[in-house]
Structure formats: structure tokens, C-alpha cells
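Coordinates in review
Okay, here's what each chain looks like letter by letter:
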Amino acid sequence: MKKMISLLFLVLSSCSIYSGSRDVSSESKSGVRGIAAEEAALTAEQISVKDQLLIALNDDAASKRVVNTIDALLPQVQKLAEEGKLKPVILDVAQKALAAGKLPPRLTAENLEENVDLFVASIENQFVLKGLSQKHPQQYVSWLKASRSIRDKAQKTSIPPSGPKSKSLFLNPAFIKELEGVAESTFTDAAELRLLVNGTQSFPAREQLFQNAKSSIYIKTWAMEDDVTGWKFAKLIHEKHKAGVDVRVIVDWKTARQSVYRKVPEWLSSQGVPVIFWRDPEAPMYAFHKKTIVVDHQHLIAGGMNFGDVYSHLGPPEIPKWRDTDFQASGSIALTADIDFQKEWNSQIKKHQLPLAPFSAPMALPAASAATAATKIMAIDLTPNPQINDTILTSIVKGIEGATKEINIENAYFIENPALQNALVRAIKRGVKVRIFTNSMNSIDVPIIARPIIEALPIYFRLNAEVYLKKGATLHSKFMTIDNVASWVMSYNHHPQSMRIQGEVAYVILDKKFSKQLADQFIEDTKTIADRVTDAKMLELEPSFLDVVLKRYFFDQL
């Protein structure tokens, strides 16, 4: 969606050129009435009062005509999408716009069709998400309904939230049991727990594990980039495969179709390394965003990093150096990750009838291992689902309900929903210190979501929470610490994609030493690579009609 701004209004002209004179079937007419009703509800949920006032006071007639035009053209767009005729329409208009010099430099003749593919897929996915696709029918659950469900699950408790004068609820076994319940998972033990700050720590650890692997290497990742890092690790795991190590890779199919992410996984597959390009045939909008590495059924690395130079900090000097966080552990938690990998692998083989070997023997965790462990970790493996049973976010909200002293959130894309906002506001009001660190307008790698991030922050600043914005290169970390007792390290971002359409994995870690170390790293980050918001004007944005259009029609995919 990085280029959606450049292509968005091509839909208007393309549909006018090719579909303006078409008759709209009664089915399509009923479909657009459904969209209009749902979008009206979504607008009330998703656009702030400030935005709505700005729309009313500052929009000119042309802007209003654009919205009216989009609404009127929705049935035609839907019909073209269902018939598979939308791409040639938009591609033709995009090529003409390119020839006329109307597109930004990033869109070239070489990458134009690829970006049109992504844009058309985003449009088609939106119809599927809204329950309007005949090919992939599903019910649409509104953000308000999903948020209420998450809030209600998290707040159902026999241990009421407490303030700074009380002990952290994470020291209460009854609260931990409730946390396991909403996460639909259980804690197990871990050893050799190690924080990996940035790729300068994570990638040497990965390389060492791969080089020493004796029996297996299982990798889940969103992407393996066609760069120095991607090729370095591809060749390393290929060598281990040739040496007889059981190497298996799962990578997101949609990402691997893009030019900068395609060559490495395709080469691995061509060399005989078993690679699954994850996709859901019944839900084409779903994506695979999990990042875990398990070696020899004993060693785990997980967090936010994919295989690429921006994560590892390798490659040419001009490559941005992103701030990111992983962790490394061994013990039963690694076997838990193995089991999750096995389920994912076998499920994809069955869904697509792939000519790959399934896991033939089930693996089992040692009995009652967590009961005696000093460090406990819970894996929450989330597969996207139309009901938005978001066990990761529910666990996060539940964790916030258990905080008594402090909450530190470092997350790349902080586009909140009502459940998260409600929990954080409740925590602030009972005296918990809340700190939030996310990307700025200048650091974000996906410009389209910069404004929604900034728009999510003023309420916390007004309530005297500490708010920090990244300076320099992109912040890609996804972690939270609570009371120097509990930590979440994950692939999960606080944006609509993670909640609605992406497979994610989060690890909840109960270890005082680790949580204190991660909290200290958070403080270090805010001192060295962040600007603290000290004035409400730092969060003020000029009115943007396009921003409203994107949130109105594509919010689910931001």
C-alpha cells in the first residue's frame, strides 16, 4: 500500500472511462447500499471529531465531489473486481498517466504493473473484508464490535485493577491464569533468555545457530529480501540443507511476489529447500507476518525482524538502519514454537495439496515444565479470522489491566482501536505511568499510515502520558513492558492489518531481569533516538482530504 496515494484517484478516472455507461444490476445496487450503511458506521468509529469538523468546515466542493464520485462508482468497481477486469482498466490509465508525467518518480515503467497489482488487490481485498465478495463470502465484524469483545474478555476478572500502591497483578497466580485464558495459550519454561537489540545482535545470533544446527532449522518470516542479508542467509541455510539438516521455510506469498522479495525464496525453492509461500485460498486478503526461528528443537529467536539489510544493518552504507527487537531463548518454549510451525506447515500442505513432506510425528512438551521454571514464556500464535478473535491484542489489553506502576510501549505502527485506548486511559487514571514510543511523520517507512499514527497520540499527551516520536530511520520494534515484571515481544503492530488480516506471533515473558533490561532499553531509546512530545502543536496536522478517503475506504488495510 506504499504507492496507494499515487494510484488512488486512478480508480475514479478508470471507472469513468470503462464503466460509466454500464447498467448496475440490482444485486450491485443492494451491495452499494450495504457499503454506504457500513461505511457510515465506520466513519463514526474511525474518524475523530476533529477530522469530521475539518471535513465540514474546510472541504471545498471538489473534494466533496470526489467522495460522492467514489460512492457512486463502488458498484462498478465491485463488478469489475468480481469479473477480474479491474487490473487492465487501472493499468491502462496508469500507463497513460505515466507517459504524461503525472506519477511520482518511484512509479516507473519497470515497476508500474507490480504496483497496479498491489493496488487492485487492495481494492478486491476490501470488498472481501466487507463481506461483499461472491467468490469469498464472509461476514464483516465492525471495529466497534470487535473492540467491545476484546475489552469485555480482558476486563472479566476476579482481581480488580490496582494502582501504584499495590503489587503488580502479574505476581498473582490467579491473574496469570486469567491471562492464559484470554490468550488461549499457556506458559512454559525457558532458559538462556537473551535480549537482542537491533540486527547487530540478532543476526550474529542467527548465523551462529544456523552454523551449529545438527538436526533442524525452521523459519517463519514475512520476507527474505534480495539484498546482502537475504542472500547471505539463503546460502547458509542451503548449505545446511545439503548437509542433511531438516530445513523448512514459510514466507508470505503476497510479499514474495514483489520484485525486491522474490529472488531469494524462489532460489531456495529451486535448490530443493522446502519453502511454503503462505496464503489462504479462501481469504486472499490474509497475510503471513510471523517471525520465528527454531533450531534443533531447542533454540528460539523471535521478534520483529525479517531477513534484510534494514534489519541486520549489513549492506551498503546508504541502507537505512532500522531500530528493531528480537529475543533468544531455549527450553520448552522452543518446542512450543516447533509445534506451532508443524501446525502451520501441515495446514498449508493440506489446503494447497503441496508436494512437500508433512511432519509425520507429533511433538509433545515435557509435562508440568512451567511449574518449576524461573522464567516463563507464553507463545500466542494468531491466525487471521473473520470473527477477529485477536488473542494477541486481548492479552495486551489484559496485561494493561494488570499493570499497577508502569507501561512502556514501543511499537512501529501505533494506530489504536477503542479496546487499546480504553485500557490505557483506565491505567493512566488509576495512576499507572504510561510511555508510548512510535514513528514520526519523518521516520515512518510507510508514509500512508503516518497521519493515523500521529492522530492516535493526542489523547495520551492530554492525559500526561509520555509520548515519544522516532527521529532518524524507521522504528520497527514491537514490544511492551509492564511493572518490570512482564514483557511482550512480538511481530504484532498496533494497526488494523495485524488485528484483522495478518497472521502474527507474540511472546509474553515473565522474568523480572529480562523485563527490567527491556524497560531500560526503552528508556535508552527515548533518550537517544526519539523526540519527546512537549507541546500539543507537535501532534497537530494540516487537514488532508486524502487521509479521510484512505481511512474511509481502506482503513482495514492500514
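Placed above this text is the structure.
Residues numbered from 1 in each chain as written. Predicted model: local features only at pLDDT ≥ 70, side-chain atom pairs only at ≥ 80, totals over all residues. Heavy atoms only, no water.

1. Things to note about the overall build of the protein
Counting secondary structure elements, the protein contains 22 helices and 17 strands. For the protein, restricting intrachain contacts to residue pairs at least 6 apart in sequence, the fraction spanning at least 24 positions comes to 82%. (Helix = DSSP H or I, 4+ residues; strand = E, 2+ residues; numbered from the N terminus. Contact = heavy atoms within 4.5 Å.)

2. Some thoughts on the packing of aromatic side chains
Applying the stated criterion to the full structure yields 19 aromatic pairs. Relative to Phe307, the ring of Phe203 lies with its centre 6.1 Å away and its plane at 90 degrees, an arrangement referred to as edge-to-face. Placement of the pair is Phe203 in helix 10 (residues 199-212) and Phe307 in the loop between strand 8 (299-303) and helix 14 (309-312), with a sequence separation of 104 residues. Take Phe203 and Phe307: they sit in the same class, and that class is buried. Here a set of aromatic residues connected by ring pairs shows up, and it is made of Phe203, Phe210, Phe233 and Phe307. (Phe/Tyr/Trp six-rings, centres within 6.5 Å; stacked < 30°, edge-to-face > 60°. Buried < 20%, exposed > 50% of the residue type's maximum accessible area, 1.4 Å probe, protein only.)

3. Considerations on helix 7 (residues 112-129)
Think of an α-helix as 3.6 residues a turn; residues three or four steps apart then line up on the same face. Relative to the 26 Å expected for 18 residues at 1.5 Å per residue, helix 7 spans 26 Å between its end C-alpha atoms, a close match to the ideal helical length. Within helix 7, 13 of the 18 residues are buried, leaving the element largely enclosed by the surrounding structure. Just past helix 7, the residue Gly131 takes up positive phi, approximately 75 degrees. (Expected span 1.5 Å × (residues − 1).)

4. Things to note about helix 22 (residues 545-554)
Counting buried positions along helix 22 gives 10 out of 10 residues, so the element sits mostly inside the fold. Regarding helix 22, the residues found buried are Phe545, Leu546, Asp547, Val548, Val549, Leu550, Lys551, Arg552, Tyr553 and Phe554.

5. Structural notes on the packing of helix 8 (residues 143-155) against helix 17 (residues 418-429)
Direction vectors running N to C along helix 8 and helix 17 enclose 40 degrees, while the axes themselves pass 8 Å from each other. Taken as axis vectors, helix 8 and helix 17 run oblique relative to one another. Contacts from Ser147, Ile150, Arg151 and Gln155 in helix 8 reach Pro418, Ala419, Asn422 and Arg426 in helix 17. (Axes fitted to C-alpha atoms, helices over the stretch in contact; angles between N-to-C directions. Parallel < 35°, antiparallel > 145°, perpendicular 65-115°, else oblique.)

6. Comments concerning the packing of helix 16 (residues 391-402) against helix 17
Any two packed helices are characterised by the angle at which their axes cross and by the distance between the axes. Two numbers describe how helix 16 lies on helix 17: the axes approach to 9 Å, and their chain directions differ by 10 degrees. The orientation of helix 16 with respect to helix 17, classified from their angle, is roughly parallel. Mapping the contact onto sequence places Ile396, Val397, Ile400 and Glu401 in helix 16 and Ala419, Leu420, Ala423, Leu424, Arg426 and Ala427 in helix 17.

7. Topic: the nonpolar core
Grouped together as the largest cluster of nonpolar side chains are 96 residues, with contacts concentrated most on Phe170, Ile396, Ile407, Leu424 and Trp488. Leaving out residues up to four positions away in the same chain, Leu424 has contacts with Ile400, Ile407, Ile409, Phe414, Val434, Ile436 and Tyr460. Counting residues in hydrophobic clusters, the runner-up holds 29 residues, among them Leu196, Ile237, Phe307 and Val310. (Core = buried A, V, L, I, M, F, W, Y, C linked by side-chain atoms within 4.5 Å.)

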